[in-house]
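Geometric and topological summary
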Amino acid sequence: MTAEAGTPSAPAAGRLAGVGVVVAGGSRGIGAGVVRRFAAEGARVVVLDVNEPVGLPVAGFVRTDVSDEGSVAAAFAEAAAVLGTVRVTINSAGIHHLAPVVDTDLATWRRIQDVNATGTFLLTREAGRHLAAVGGGGRVLNIASMAAKQGGANEVAYAASKAAVVAVSRVAALEWGCHGVTVNAICPGYVPTEMGADTRTEEDVARWSALSPLGRLGTPDDVAGLLVFLASEEGSYFTGQAFNVTGGMAMH
Ligand SMILES: NC(=O)c1ccc[n+]([C@@H]2O[C@H](COP(=O)([O-])OP(=O)(O)OC[C@H]3O[C@@H](n4cnc5c(N)ncnc54)[C@H](O)[C@@H]3O)[C@@H](O)[C@H]2O)c1
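In short, a report on the structure.

Parameters and conventions
Residues numbered from 1 in each chain as written. Predicted model: local features only at pLDDT ≥ 70, side-chain atom pairs only at ≥ 80, totals over all residues. Heavy atoms only, no water. Helix = DSSP H or I, 4+ residues; strand = E, 2+ residues; numbered from the N terminus. Contact = heavy atoms within 4.5 Å. Pairing = 2+ DSSP bridges. Axes fitted to C-alpha atoms, helices over the stretch in contact; angles between N-to-C directions. Phe/Tyr/Trp six-rings, centres within 6.5 Å; stacked < 30°, edge-to-face > 60°. Near = heavy atom within 4 Å. Polar contact = N/O pair within 3.5 Å; in protein donor to acceptor, adjacent residues only side chain to side chain. Areas by Shrake-Rupley, 256 points an atom, 1.4 Å probe, with all protein chains shown as cover. Parallel < 35°, antiparallel > 145°, perpendicular 65-115°, else oblique. Left-handed = near helix turned anticlockwise from the far one by under 90°. Nonpolar A, V, L, I, M, F, W, Y, C, P; charged D, E, K, R; others polar. 1 Å grid on protein atoms, 1.4 Å probe; cavity = no way out; pocket = protein on both sides within 12 Å on 5 of 7 lines; lining within 4 Å. Points joined across faces, edges and corners; volume = space filled by probe spheres on them. Buried < 20%, exposed > 50% of the residue type's maximum accessible area, 1.4 Å probe, protein only. Core = buried A, V, L, I, M, F, W, Y, C linked by side-chain atoms within 4.5 Å.

Overview of the side chain of serine 161
The topology assignment puts serine 161 in helix α5 (residues 156–176). In contact with serine 161, not counting residues within four places along its chain, are Ile112, Gln113, Asn116 and Ala117.

Here's the deal with the sheet that holds strand β5 (residues 138–143)
The parallel open sheet is built from seven strands, whose spatial order is β3-β2-β1-β4-β5-β6-β7. Taken across any chain shown, the strands that pair with only one partner, and hence form the sheet edges, are β3 (60–63) and β7 (242–245). Pairwise comparison of adjacent strand axes, ignoring direction, gives a mean angle of 20 degrees for this sheet. Relative to strand β2 (residues 44–49), helix α2 (residues 69–83) is tilted by about 165 degrees, and along the sheet it contacts β1 (20–24), β2, β3 and β4 (88–91).

As for the packing of aromatic side chains
The description of an aromatic ring pair rests on the distance of the ring centres and on the angle between the ring planes. Inspection of every chain in the model, using the stated rule, returns three aromatic pairs. Every member of this aromatic cluster is reached through a ring pair, and the members are Phe229, Phe238 and Phe243.

Digging into the site of the ligand
Near the ligand, the surroundings consist of 28 residues, among which Ile30, Asp49, Tyr158, Val191 and Thr193 are the closest. With respect to the ligand, the backbone of valine 66 contributes an N or O atom lying 3.0 Å from a nitrogen atom. Calculation on the ligand without its partners gives an accessible area of 820 Å², and the protein chains cover 95% of this total. When residues of the shell around the ligand are traced back to their parent elements, those giving at least two are α1 (29–40) and α5.

A few points about the packing of α1 against helix α7 (residues 220–231)
Where α1 contacts α7, the two axes come as close as 8 Å, and the packing angle between them is 50 degrees. With respect to each other, α1 and α7 are oriented oblique. Pair α1 / α7 crosses with right-handed handedness. Each of Gly29, Ile30, Gly33, Val34, Arg37 and Phe38 in α1 lies in contact with α7, whose residues at this interface are Pro220, Asp221, Val223, Ala224, Gly225, Leu227, Val228 and Ala231. Across the contact of α1 with α7, the residue classes break down as nine nonpolar, three polar and two charged.

A few points about the layout of surface pockets
The rolling of a water-molecule-sized probe over the atoms marks out the regions of remaining empty space. The volume enclosed by the largest pocket comes to roughly 1200 Å³. In terms of lining residues, the largest pocket is bounded by 49 residues, among which His96, Tyr158, Thr193, Met195 and Gly196 are the most central. Taken together, the elements giving at least two residues each to the lining of the largest pocket come down to α1, β2, α3 (106–134), α4 (147–150), α5 and α6 (202–210). For the lining of the largest pocket, the class distribution of residues is 21 nonpolar, 18 polar and ten charged.

A few points about the packing of α2 against α3
Contact geometry of α2 with α3 gives a least axis separation of 10 Å together with a crossing angle of 40 degrees. Classified by the angle between their axes, α2 and α3 sit oblique to one another. Our pair here, α2 against α3, has a crossing hand that is right-handed. Contacts between α2 and α3 involve Glu69, Val72, Ala73, Phe76 and Ala80 on the former and, on the latter, Leu122, Leu123, Arg125, Glu126, Ala127 and His130. Each residue belonging to the contact of α2 with α3 can be placed in one class, and the counts come to seven nonpolar, one polar and three charged.

Concerning the side chain of threonine 124
With respect to the helices, strands and loops of the structure, threonine 124 is situated in helix α3. Polar side-chain contacts of threonine 124 include one of 2.7 Å to the backbone oxygen of threonine 120. Those residues in contact with threonine 124 that sit more than four places away from it in its chain are Val140, Asn142, Val168, Ala172 and Trp176.

A closer look at the environment of valine 205
Inspection of the secondary structure puts valine 205 in helix α6. What makes valine 205 partly exposed here is its relative accessible area of 29%. Taking the C-alpha atoms as reference points, valine 205 and alanine 93, 112 residues apart in sequence, are found 23 Å from one another. Apart from residues no more than four positions distant in its own chain, valine 205 is found in contact with Arg200 and Leu217.

Some details on unusual backbone geometry
We note that asparagine 154 has phi near 70 degrees; this positive angle belongs to a residue other than glycine. Residue placement: asparagine 154 occurs in the loop between α4 and α5.

Regarding the nonpolar core
Grouped together as the largest cluster of nonpolar side chains are 28 residues, with contacts concentrated most on Phe38, Ile90 and Leu227. Only β1, α1, β2, β4, β5, α7 and β7 provide two or more residues apiece to this core. With six residues, α7 is the largest single contributor of residues to this core. Formed by 25 residues, the second largest nonpolar core is a distinct cluster that contains Val62, Ala75, Val86 and Leu123.

Any functional reading would require information beyond the geometric quantities listed.
Here it is, written out as structure tokens:
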């Protein structure tokens, strides 16, 4: 655990003043945007990631592979040692792969499920165990994808893994509502991050932008804004949902 991975967390002010938050996959992309936004709301954020966060306002970082059971358990315990109570757990760790169904090999399929589906299960389970022990309720917010709802050509492994993220979130929501714990999935559309950057063309950006009635792709901040709302008191009556953050690319 390093406590100096970036500027110390913001002083206790804002909608999430002093709240302990774990963000898996918080070193880059959408997760990094989430870390910034939560810290700006006064939350104390510990990042779990395979890569170290650079210049982010974190209270701590634990190198973690979310697909590894022991790694997740040890990391969550370290985060809880820093934060006291982990009131909000966010899983933004994920990997992507583009290939037609007929060209998707089993090793790739399994790796995508391991990180995206199993990683979500392991982190959600750890959060649930922690919140059961400390009491007082909490939030689990898992980043799925629009692909969970409508698939996506050449995304068979990814779309299946993200459907699992929604399913894990719904089951946990059913089981933990009685303890005041809400669990939701968030389904972004297209957010230009490092994910997919190696295959992204200008034509892709134009084509995807045109699918949104708003005419643009998403930003990490578009996702982070919803997460802050769901983590706040105003978000207490939402559970078991799969929220689109797609600029209207998906409407169900
Ligand atoms: N970018 C998009 O268009 C988009 C759309 C829908 C859903 N999503 C989902 O949002 C989440 C964040 O995506 P992003 O665009 O920020 O991607 P990204 O590649 O920019 O960031 C992913 C983060 O997860 C971390 N990570 C990867 N494998 C890990 C592992 N095994 N253990 C721990 N950390 C790991 C990476 O180090 C990185 O910090 C992912 O779950 C992704 O599937 C992204």
